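Descriptive structure summary
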Amino acid sequence: MNQDCKHKNVINVIEAFVITGCARGDIVIIPRITLIQTDYPFEFKIIQFPLKVGFAMTINKSKGQSLSMAGIGLRECFSHGQFYVACFRVSSVSSLVILAKKGNTKK
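Note that the coordinates shown come from a computational prediction; the quantities given were computed from them, not determined experimentally.

What counts as what
Residues numbered from 1 in each chain as written. Predicted model: local features only at pLDDT ≥ 70, side-chain atom pairs only at ≥ 80, totals over all residues. Heavy atoms only, no water. Patch = residues over 30% accessible without salt bridge, like charges linked within 9 Å, V, L, I, M, F, W, Y side chains within 5 Å. Areas by Shrake-Rupley, 256 points an atom, 1.4 Å probe, with all protein chains shown as cover. Salt bridge = Lys/Arg side-chain N within 4 Å of Asp/Glu carboxyl O. Helix = DSSP H or I, 4+ residues; strand = E, 2+ residues; numbered from the N terminus. Buried < 20%, exposed > 50% of the residue type's maximum accessible area, 1.4 Å probe, protein only. Contact = heavy atoms within 4.5 Å. Core = buried A, V, L, I, M, F, W, Y, C linked by side-chain atoms within 4.5 Å. Phe/Tyr/Trp six-rings, centres within 6.5 Å; stacked < 30°, edge-to-face > 60°. Lys NZ or Arg CZ within 6 Å of the ring centre and 35° of its normal. pLDDT = per-residue confidence, 0-100. Pairing = 2+ DSSP bridges. Polar contact = N/O pair within 3.5 Å; in protein donor to acceptor, adjacent residues only side chain to side chain.

Considering a nonpolar patch on the surface
- Taken together, F17, I19 and I27 make up a surface patch of nonpolar side chains, about 290 Å² in accessible area.
- Looking at the element boundaries, F17 is found in strand β1 (residues 13-17).
- Exposure remark for F17: the relative accessible area of 48% places this residue in the partly exposed category.

Set out below in structure tokens:
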């Protein structure tokens, strides 16, 4: 992380580096949010970071796995056989996301 953004006693935010998308390369601050549940006879408050857990595995580790959603990063070169294995870990094309450098794909 950026050494210039260190703050003392800051526990309500996460400093993060964006690796994909239109904000790629930016440093962002993610604050904790407060959720108040009122659909119960009592009221309680949850304070949490709005983050989603992500997992990664190598293509070799994915052999034999069935995944509901998969993303493939094509930044490093690998064989066509590995690409084939990675693509067929999901049951439908709509569950597959392929990340490639702009201009490096063919239709």
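Focus: the environment of S62
- Topologically, S62 is positioned in helix α1 (residues 59-62).
- For the pair S62 and F88, spaced 26 residues apart in the sequence, the C-alpha separation amounts to 10.0 Å.
- If we ignore the near neighbours within four places in the chain, the residues touching S62 are M57, V85 and R89.

Some thoughts on the nonpolar core
- One finds I59, I72, V85, A86 and C87 forming the largest nonpolar core, which totals five residues.
- Residue contributions to this core peak at three residues, all from helix α2 (residues 80-87).

As for the packing of aromatic side chains
- Enumeration over the complete set of coordinates arrives at four aromatic pairs.
- Centroid distance Y84 to F88: 4.7 Å. Interplanar angle 45 degrees. Geometry classified as tilted.
- Its guanidinium or amino end placed over the ring of F49, R32 lies 5.9 Å from that ring's centre, counting from NZ or CZ.

Section: the confidence of the model for the protein
- Across the protein, pLDDT averages 77, with 82% of residues at or above 70.
- Taking the mean pLDDT of every element in the protein, the minimum, 74, falls on α1 and the maximum, 90, on strand β2 (residues 27-31).
- Every residue in residues 1-8 scores below 50 in pLDDT, and together they form six contacts with partners more than four places removed in sequence or on other chains.

Here we look at the pairing of strand β3 (residues 33-37)
- Two strands pair when backbone bridges link them, and β3 and strand β4 (residues 44-48) are joined in this way by five bridges, in the antiparallel orientation. If you follow I33 over to β4, its bridge partner there is Q48.
- Between the end of β3 and the start of β4, which pair antiparallel, lie six residues.

Brief notes about the environment of S95
- Along the polypeptide, S95 turns up in the loop between α2 and β6 (96-99).
- Classification of S95 by relative accessible area gives buried; the value is 12%.

Notes on the side chain of R89
- As for its position among the elements, R89 is in the loop between α2 and β6.
- On the basis of relative accessible area, R89 is assigned to the buried category, the value being 18%.
- From its side chain, R89 meets the backbone oxygen of Q65 in a polar contact 3.1 Å long.
- For R89, the contacting residues outside a window of four places in its chain are S62, K63, G64, Q65, S66 and L67.

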